[in-house]
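# Secondary and tertiary structure notes
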Amino acid sequence: MAGLTVVAQPAQALQQDVNSSNADIEVITVVAHRQPRQLSEVAGTVSVLSEEQMQRDLVLNATDLVRYQVGVEIDDGGSRFGDSGFRIRGIGGNRTAIVIDQVPVADQFSVGAFSDTGRGLMELGLASRVEILRGPASTLYGSKALGGVVAISLLEADDVLYGSNYGTRLQLGYNSDSHRAKVMAAQAYANQSGSLLLAAALQYGQELRSEGVAASDRDLQHHRQQGLLARLATDASWGRWQFTLDALQESRDTNIRSGLGEGRQASTTYLAGDDARQQWRALIDLEMEPQAWADTGQWRLYYQYSDTEQDSHEERMLLPEPLLIQRDFEFTQRTAGIGADLAKQFDSVGFAHRLGYGFEWISSSLVDERDALQTNLTTQVSTNVLLGETFPLRDFPRSRVTEFGMYVHDEIELWEQGPVISPGVRYENYRLRARHDALFELRYPQSTVTDLTESAWLPKFGVVWPVSEQVEWFGQYARGYRAPPFSDVNVGLYYPQFRVLAIANPDLKAERGYTFETGLRARLTGHSITAAVFHNRYSDFIESRASLGFDPVRQLLIFQSINRDKVVIEGAEFEWQAVWNRQWSSQLALAYSRGEDRETGLAIADVAPPQAILEVSYSNADWESRLVLTAVRGQRELQDADGSLLFSAPGYATVDWVNRWFVADDLSIGAGLFNLTDRRYWKNSRVSGYPIADPSLEVLAEAGLHAGITVNYQF
C-alpha cells in the first residue's frame, strides 16, 4: 500500500480550513477491505491512527497508542512479562489478530506463573500507521480475528523522504512513568527506479511508578528493546517489488517483590526473572501492475522466526531446609506464508462491482520446553522433580499448524449514489499435526495425542446507505472464527503422586463469533460524528484444562480442554469532533459495553466498564495545547466460576495536558503532563481476573503524575 495518503482525524487537521470540503477530512483505511477505501465506504467501525496522530499523542509504546481509544485496551502480562496484545470490545489475547504489513505476529503462549511469551509489540517503534477494526473479521483475516484486527504498517521510504531523493528522520522520546526512553533513526534514498530505507529503534525502561507504592515495594525491572528495519524497493517486471528484513530483540530483568511471603510464595524470600525474546522476518511483496484479471494486486511471501527464553530464580529461605529453585522456559515458533489480495472493478447486469479476492497459506512449527532444578541448601541434594512434575518436559508435543484460506468480497452499488451492499465469504481450513516427540511421550506415557482438522465457511454482509453527501447509515453481519489452539488440543499434564492426568480432546470445536452492528456517520462543516451499536455473540469458548472429575477406571483426576457455552458482549460507541473556529476545537468519545456468560450468568471480567474521553484543544501556527479528561465508571462486581470475588477496578477520572511546538517545518517538540490530579487508579485490562485480595494489585496501579516529551526532526 505504498504511497497511501492518509488524512488524520485530529482537530488540528480540521482546523487547517474550517470551510474545507467534506472530502478533505475523509480518512483512508485498508484494514476493513484489504484494499484502500474511504472510511465513509466501510460497513463497520475502524480507527485509523496516522503517524501524525501518534506524534500528537506522544506515543512511545502500545499503551500510549490506545490511551485515547475507547473500547480498545492492552492485554498486560503483569509487572514482569509486558504487553500480550490488544483487547477490542472485551476480546483479546490470541482471539484478536495482529498483522504487521499483512503478516500475522507470533502466537502468545503462557503456562503457569513463570512463563508468558507476550507479544512485545516493539514494532510500534518503527510504525507509520495503525488501523483497528472492531468486531469479528474472520471473513478477510481468518482464524484469530474473533475479536477484531490490529493492522500495523511499518515505515516505508516515502514516509522518510524529505527531498526528492533522500531524507533523514530522528525521533526522541521520554516518559517519567517508568523512566522509559525511545530513540528512532531512519534514512531513505530514492531514484526513478527504486528506493532504500534503513531504520533502527531503541527503547529502554524500568518498572512502572505505581501511585501509592513505595520504591522499596515495587517489582524492580529493567527492560530493553531494539529493532532494525531494512527495505529495498525496485520497479521490475510485473510491478513494484519490495524486499523487507526486520529484526527485534527484547530483554527484561525483573526482581519480583510483590506477593513474597504470602499464599504460594509464603516461604519465598527472593524471586527474579531473566527474560529475552528475539524475532526476525524476511518479506517479499509485489504491488502488481494492472492485469486483465485484476486492476490491483498485492502479493507477499514471508518467513518469520520468534524465540522466547525465560529464566526464573527463586530462593525459599523460610523453610526448615531452605531451597534454591531454577526454572527455564523456551518457546519457538517458525512461520512461512504466502498470500495475495487482488481487486477488480467491473459493471455487470446494470450494477457496478468492486470485487476483492485473495488467499493465504500459513505453516507454523511450534515447540516449547520447560526445565527446572531444585536444590536443598542444607543437604546440597538437587532434584529435577517439582510439585510432581519431572523436568525437562513439554506442555504439548512438537506441532505443526497449517492454515489455508481463500476469500471473495464484493461491493455492489445498487444505483448511482445509492446504497452499496458488500457480501463476502471465506473458506478456512486448519490442520494441526502432532509430531513424534520422545520427550513428550516420556513425560506423559498415559496421555493420548491427536491430530485435528477443522474447516469453516465464514460469511459477512454489509450495507452502506448514503443519506446525503455528508451522512451515511451502515450495518453489517460478520462471522468470527478461532481454531482450537495447539496447546489445548494436546495437553501435557501428569502428576502420578497427585493422581492427576490431562487428556487430549479430538472433539474440541472452534470458537465462533457473530457480530451485528449498525450506525451513522456524518461529516459536516467543521464537525464529524460517528455513532454505532453492536451485539456480539460468541459460542464454544475454550476453557483450558477444565476438571472432568475422578475417573474410577484409571483412578485419576482427569483434566481436558473443553468448549463452554455462549458469551454475549454488546454496547454502543459515540465520537464527536468539532472545530469551533481557527483556534478552538473539541472531541468527545463515549463507550458503553457489557458482557455476560450466558451459561453462568456472570459478568465478563475482560469487558471494560463505560468510559468517556473529552478533549479541548487550542492551536495556532506555532503550537497546539490540549486538555484531555478521561472518566471511567467503576467495574461491576465480578466473580469467578466458583463464586469467589474478583477485583473490580474502581471508577476514576484523570486529566492530561498535552502540547506540541512547531519550531520549524522540519522540527516539532511535544510535551505532556499526565494524571495531573495524581490520582491512584487501575485500568481494567491490567487487573481483570485477579482475586480481590491478590497482593500483586498494589504494583498494578497506574502511575501518578508523570511527564513525557518527544522530539521529531526530519531533514
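Residues numbered from 1 in each chain as written. Predicted model: local features only at pLDDT ≥ 70, side-chain atom pairs only at ≥ 80, totals over all residues. Heavy atoms only, no water.

### Some thoughts on the sheet that holds strand β31 (residues 556-563)
If you trace the 4 strands from one edge of the open sheet to the other, you get β26-β27-β31-β30, paired in mixed fashion. Only two strands of the sheet have a single neighbouring strand rather than two, namely β26 (494-495) and β30 (542-551). Looking at chain direction, β30 and β31 are connected through 7 bridges and run antiparallel. Bridge pairing in β31 places Ala546 opposite Gln560. (Pairing = 2+ DSSP bridges. Helix = DSSP H or I, 4+ residues; strand = E, 2+ residues; numbered from the N terminus.)

### Comments concerning the sheet that holds strand β7 (residues 103-104)
Overall, mixed pairing links the 5 strands, which are arranged β3-β8-β9-β6-β7 in an open sheet. Every other strand in the sheet has two partners, leaving β3 (46-50) and β7 as the edge strands with one partner each. Bridging between strand β6 (residues 97-100) and β7 involves 2 bridges; their strand directions are antiparallel. Directly across from Val99, in β7, lies its bridge partner Pro104.

### Digging into a nonpolar patch on the surface
On the surface, Tyr166, Tyr189, Leu196, Leu198, Leu232, Phe243, Ile284, Leu301, Ile338 and Trp361 cluster together into a nonpolar patch covering about 870 Å² of accessible area. Note that Leu301 resides in strand β16 (residues 296-316). (Patch = residues over 30% accessible without salt bridge, like charges linked within 9 Å, V, L, I, M, F, W, Y side chains within 5 Å. Areas by Shrake-Rupley, 256 points an atom, 1.4 Å probe, with all protein chains shown as cover. Salt bridge = Lys/Arg side-chain N within 4 Å of Asp/Glu carboxyl O.)

### Let's talk about the packing of aromatic side chains
This model, assessed by the stated rule, comprises 20 aromatic pairs. Judged by centre distance (6.3 Å) and plane angle (25 degrees), the rings of Phe109 and Phe329 are stacked. Highlighted residues: Phe109 in the loop between β7 and β8 (127-134) and Phe329 in strand β17 (residues 323-348), separated in sequence by 220 residues. Judged by its relative accessible area of 2%, Phe329 falls in the buried class. Arranged with centres 5.5 Å apart and planes meeting at 45 degrees, the rings of Trp280 and Tyr303 form a pair that is tilted. Of this pair, Trp280 sits in strand β15 (residues 270-288) while Tyr303 is found in strand β16, placing the two residues 23 residues apart along the sequence. Looking at Tyr303, the relative accessible area reads 30%, which means it is partly exposed. (Phe/Tyr/Trp six-rings, centres within 6.5 Å; stacked < 30°, edge-to-face > 60°. Buried < 20%, exposed > 50% of the residue type's maximum accessible area, 1.4 Å probe, protein only.)

### As for the confidence of the model for the protein
Summarising the model, the protein shows a mean pLDDT of 90, and 96% of its residues fall at 70 or more. In this model residues 1-24 is a low-confidence stretch, pLDDT under 50, and it forms 59 contacts with partners more than four residues away in sequence or in other chains. (pLDDT = per-residue confidence, 0-100. Contact = heavy atoms within 4.5 Å.)

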